[in-house]
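# Summary of the model geometry
What follows is each chain in one-letter form.
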Amino acid sequence: MRILNYGSLNLDYTYHVQHIVAPGETVASSGLEVFCGGKGLNQSIALAKAGASVFHGGMTGEDGDPLLEACRRSGVDSRFIRRIEGRSGSAVIQVERGGQNSIVLYGGANQANKPEFVDEALAFFEEGEWLLLQNEVNGLDYMIEKAHSNGLKIALNPSPFQEDILKCGIEKVSLLFLNEVEGEQLTKKTEPEQMIKILNREYPETAVVLTLGGAGAVYAAGGEVFLCPARKVEALDTTGAGDTFTGYFLSALTDGKTPRRCLEEAAAAAAIAVSRLGASASIPERSEVEKLLNDSPVR
Ligand code: RIB
């Protein structure tokens, strides 16, 4: 089963700091690295590493060679990535001790998607295949509408959250990936149980995957709700861990695995990712995830 992941590609300028800078404060960083990232690209790489057949759709700027190279290296089909004049998307990321981060995004080419190009990419896919989306590119409402009318199944990670996402036709989405913060922004509730109840009521056709950090991750659909506990790891850099989770979950699901198994594989992949630096650079190979699952199975 093929997956079109239409999403962002960013150059991540990652600064290592003692603590995330406060308003008006200047801090020195102990290191700067430039990684390939963007929620879209990270999720495509996670899908490919997990074993899925993934095509990335999106835009880069004139500085986009490393992003295309990252696709090629990891087995992501890049035929639906267009290069335009100007800059690619980018992110300034501060990572503090303990792995927590703070991100400033520059949209660049990610905000230059046109319906004609989206149509061309979507036309390559057949009914029943998947479209994965995040919220770092323009035109989400169009993509959801068009993909739905073409009979594609849609997975959405509405991150970073903006109120506009509510107008995008979430009821057409088959699978919704959220973290706690996005769950609260979408439902105005703080308790995961309440979030799930509201989402399942508002969007009865949509399966919900809610990640809860140290408390694990929940799958909820059709009256079925279950939790996969989080793995204990020493976090070095949490950037891209959610994207790793999403890619591994969707790959497992399209491979016919049970939602419970999908959660276990995704949680194991994310646990490895947080123990490494960078976004796409931290995404583990499938063999590493399998080894972790074999060495320490979920109880
Ligand atoms: O989810 C992590 C990603 O968010 C980073 O790679 C950065 O580019 C931002 O898009």
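Description of the structure in this document. Note that the structure is predicted; figures quoted are calculated from it, not measured. (Residues numbered from 1 in each chain as written. Predicted model: local features only at pLDDT ≥ 70, side-chain atom pairs only at ≥ 80, totals over all residues. Heavy atoms only, no water.)

In this description, an aromatic ring pair is defined by two values, namely the gap between the centres and the angle between the planes. In total, this model carries 11 aromatic pairs according to the counting rule given. Relative to Phe125, the ring of Phe124 has its centre 5.3 Å away and its plane inclined at 80°; by these criteria the two rings are edge-to-face. Phe124 gets classed as partly exposed once you look at its relative accessible area, which sits at 31%. (Phe/Tyr/Trp six-rings, centres within 6.5 Å; stacked < 30°, edge-to-face > 60°. Buried < 20%, exposed > 50% of the residue type's maximum accessible area, 1.4 Å probe, protein only.)

Before going further, it helps to spend a moment on the site of the ligand. The environment of the ligand is made up of 14 residues, and the closest members are Asp12, Gly38, Lys39, Glu136 and Asp243. The side chain of Asp12 places a nitrogen or oxygen atom 2.6 Å from an oxygen atom of the ligand. Side-chain polar atom of Lys39 to an oxygen atom of the ligand: 2.8 Å apart, as the coordinates give it. For the ligand, the accessible surface in isolation is 280 Å², of which the surrounding protein chains cover 96%. (Near = heavy atom within 4 Å. Polar contact = N/O pair within 3.5 Å; in protein donor to acceptor, adjacent residues only side chain to side chain. Areas by Shrake-Rupley, 256 points an atom, 1.4 Å probe, with all protein chains shown as cover.)

Read from one edge to the other, the open sheet built from 4 strands follows the order 3-2-6-7, with strand pairing classed as mixed. Looking at which strands have only one partner, the edges of the open sheet turn out to be strand 3 (31-37) and strand 7 (101-106). Averaged over neighbouring strand pairs, the angle between their axes works out to 20° when direction is ignored. As paired elements, strand 2 (residues 10-17) and strand 3 share 7 bridges and run antiparallel to each other. Across the sheet, the residue bridging to Asn10 is Gly37, located in strand 3. (Pairing = 2+ DSSP bridges. Helix = DSSP H or I, 4+ residues; strand = E, 2+ residues; numbered from the N terminus. Axes fitted to C-alpha atoms, helices over the stretch in contact; angles between N-to-C directions.)

A few words now on the sheet that holds strand 10 (residues 175-179). If you trace the 9 strands from one edge of the open sheet to the other, you get 5-4-1-8-9-10-11-12-13, paired in mixed fashion. Here the strands that pair on one side only, and so sit at the sheet edges, are strand 5 (77-83) and strand 13 (224-228). Adjacent strand axes in the sheet meet at a mean angle of 15° when their direction is disregarded. Taken together, the 4 bridges between strand 11 (residues 207-211) and strand 12 (residues 217-221) define a ladder with antiparallel strand orientation. What sits directly across from Thr211, in strand 12, is Ala217.

When helix 9 (residues 286-295) is considered as a whole, its buried residues turn out to be Arg286, Val289 and Leu293. With its buried residues spanning 65° around the axis, helix 9 presents them on a single face. Opposite its buried face, helix 9 presents the exposed residues Lys291, Asn294 and Asp295, each directed more than 90 degrees away. (Arc of directions from axis to C-beta.)

You can see Gln94 is positioned in strand 6 (residues 89-96). At a separation of 2.8 Å, a polar atom in the side chain of Gln94 contacts the main-chain amide nitrogen of Val21. Leaving out residues up to four positions away in the same chain, Gln94 has contacts with Tyr15, Val17, His19, Ile20, Val21, Gln100, Asn101 and Ser102. (Contact = heavy atoms within 4.5 Å.)

Turning to unusual backbone geometry, a few remarks are in order. Going from Ser159 to Pro160, the amide bond is cis rather than trans, its omega being 0°. The topology assignment puts Pro160 in the loop between strand 9 (153-157) and strand 10. One non-glycine residue with positive phi stands out, namely Lys188, at about 65°.

As a further point, take the pattern of salt bridges. The tally for this structure, following the rule as stated, stands at 19 salt bridges. Between Arg72 and Glu69 there is a salt bridge, and its shortest N-O distance comes to 3.7 Å. Of this pair, Arg72 and Glu69 both sit in helix 2 (residues 65-74), 3 residues apart, which is roughly one turn of that helix. Of the charged contacts, one joins Arg261 and Glu265 as a salt bridge, the two residues approaching to 2.9 Å between their closest N and O atoms. A residue pair is termed a helical-turn pair when its members lie 3 or 4 positions apart in one helix, as Arg261 and Glu265 do in helix 8 (residues 259-274) at 4 residues. Judged by relative accessible area, Arg261 falls into the partly exposed class, the value being 32%. (Salt bridge = Lys/Arg side-chain N within 4 Å of Asp/Glu carboxyl O.)

This paragraph deals with the nonpolar core. Ranked by internal contacts, the top residues of the largest apolar core, which has 46 residues, are Leu175, Phe245, Phe249 and Leu263. Per element, the largest residue contribution to this core is 8 residues, and it comes from helix 8. In this structure Leu263 touches Val209, Ala217, Val218, Tyr219, Phe226, Cys228, Phe245 and Phe249, once residues within four positions along its chain are discounted. The next biggest cluster of nonpolar side chains, apart from the first, holds 38 residues, and it includes Met59, Leu122, Leu156 and Leu210. (Core = buried A, V, L, I, M, F, W, Y, C linked by side-chain atoms within 4.5 Å.)

The interhelical angle for the contact between helix 1 (residues 39-50) and helix 2, taken along N-to-C directions, is 15°, at an axis separation of 9 Å. Judged by the inter-axis angle, helix 1 sits roughly parallel to helix 2. Two packed elements cross with a definite hand, and for helix 1 against helix 2 that hand is left-handed. In this structure, helix 1 contributes Leu41, Ile45 and Ala48 to the contact, and helix 2 contributes Leu67, Ala70, Cys71 and Ser74. Considering only residue class, the contact of helix 1 with helix 2 consists of 6 nonpolar, 1 polar and no charged. (Parallel < 35°, antiparallel > 145°, perpendicular 65-115°, else oblique. Left-handed = near helix turned anticlockwise from the far one by under 90°. Nonpolar A, V, L, I, M, F, W, Y, C, P; charged D, E, K, R; others polar.)

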